[in-house]
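Descriptive structure summary
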Amino acid sequence: MSTPGTEPSAEPAAALPAVAPHLRALRRRAGLTLEAAARDAGLSPAHLSRLETGQRQPSLPMLLSLARTYGTTVSELLGETTTDHDTVLRAADAEPTVAGGWTYRQAGSPGRGMQALRVEVPHGSQSGIVRVHPGEEWLYVLKGRLLLRLGDALHRLAPGDSAHFDSLTPHRIAAQDPDGVELLFVHTLLQSPTAALCLGPTHGDVS
């Protein structure tokens, strides 16, 4: 379980050579020093430095935090770009990106007011991380069983189940099955360089 001011461990980012330089470039584009960006994103400067040099992989909460801090999208942090706001995204064009053990596929156009992703969550990841931030989130379980903690309530979602909630409610997701879980994930995007994601301790384990 994490405590305030600490970050969960992650594997080296050998499989993600493209993510690290994007993180550094977007921070510089936002005009933020390493220390300022780390503070706004709820990370330590040392941990953010390791993300930018590819020594660590960012988890989904970290990607969301950095996207809001830099006023951009998770897709752009992962290096995904399109020439325009395409209305239709073909399955063959949705290349997977792996970060922090999670697999992401773009499921909507970047730069919109909402961001849609297909996410594969492995079993046992994101332990101890609670997210709190402005906005709304909607998720739909495609495969596997999902554990969703909202505040003090624990919900078990099966394929076909969905959840729509205020992101200011402390929340955490985890895969219940050893094979992980696949879901559609949509969140409102706050295009603000001062918006931040707060990471903190859990109020009980998801199990």
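Above this note sits the structure.
All of these numbers come straight from a predicted model, not from anything done at the bench.

Before going further, it helps to examine the pattern of salt bridges. Under the defined criterion, the tally for this structure stands at 7 salt bridges. The residue Glu120 makes a salt bridge to Arg105 at a minimum N-O spacing of 2.8 Å. Taken together, the positions of Glu120 in strand β3 (residues 114–121) and Arg105 in strand β2 (residues 102–106) put the pair 15 residues apart, joining distant regions of the chain. We classify Glu120 as partly exposed; its relative accessible area is 29%. Linking Glu182 and Arg118 is a salt bridge whose minimum nitrogen-to-oxygen distance equals 2.5 Å. One end of the pair, Glu182, is in strand β10 (residues 181–188); the other, Arg118, is in strand β3, with 64 residues separating them in the sequence. Three or more residues joined by partner-sharing salt bridges are found here, namely Arg24, Arg27 and Glu52.

Turning to the packing of aromatic side chains, a few remarks are in order. Taken as a whole, this structure holds 1 aromatic pair when the rule is applied. Measuring from ring centre to ring centre gives 6.2 Å for Trp138 and Tyr140, while their planes differ by 20°; the resulting arrangement is stacked.

Note: β2 against β3, 4 bridges, orientation antiparallel. Bridging across to β3, Thr103 finds its partner in Glu120. As paired elements, β3 and β10 share 8 bridges and run antiparallel to each other. Looking across to β10, one finds that Val121 is bridged to Val181.

About the thresholds
Residue indices follow the written sequence of each chain, beginning from 1 at its first position. At least 70 in pLDDT is required for a residue's local features to be given in this predicted model, at least 80 for side-chain atom pairs to be given and counted, and no such filter applies to totals for whole chains, interfaces and linings, which use all residues. Only heavy atoms go into the side-chain values, all of them from the structure, while hydrogens and water stay out. Whenever Lys or Arg places a side-chain nitrogen within 4 Å of a carboxyl oxygen from Asp or Glu, that contact is recorded as a salt bridge. Secondary structure follows DSSP: runs of H or I at least 4 residues long count as helices, runs of E at least 2 residues long count as strands, and numbering of each begins at the N terminus. The cut-offs for exposure are 20% and 50% of the maximum accessible area for each residue type, with area from a 1.4 Å probe on protein chains only; residues under the lower value are buried, those over the upper are exposed, and the others partly exposed. Between the rings of Phe, Tyr and Trp (Trp by its six-membered ring), a pair exists once the centres lie within 6.5 Å; its type follows the angle of the planes, with under 30 degrees stacked, over 60 edge-to-face, and the other angles tilted. For two strands to pair, DSSP has to find at least two bridges joining them.

None of the figures reported here should be taken as evidence of function without further support.
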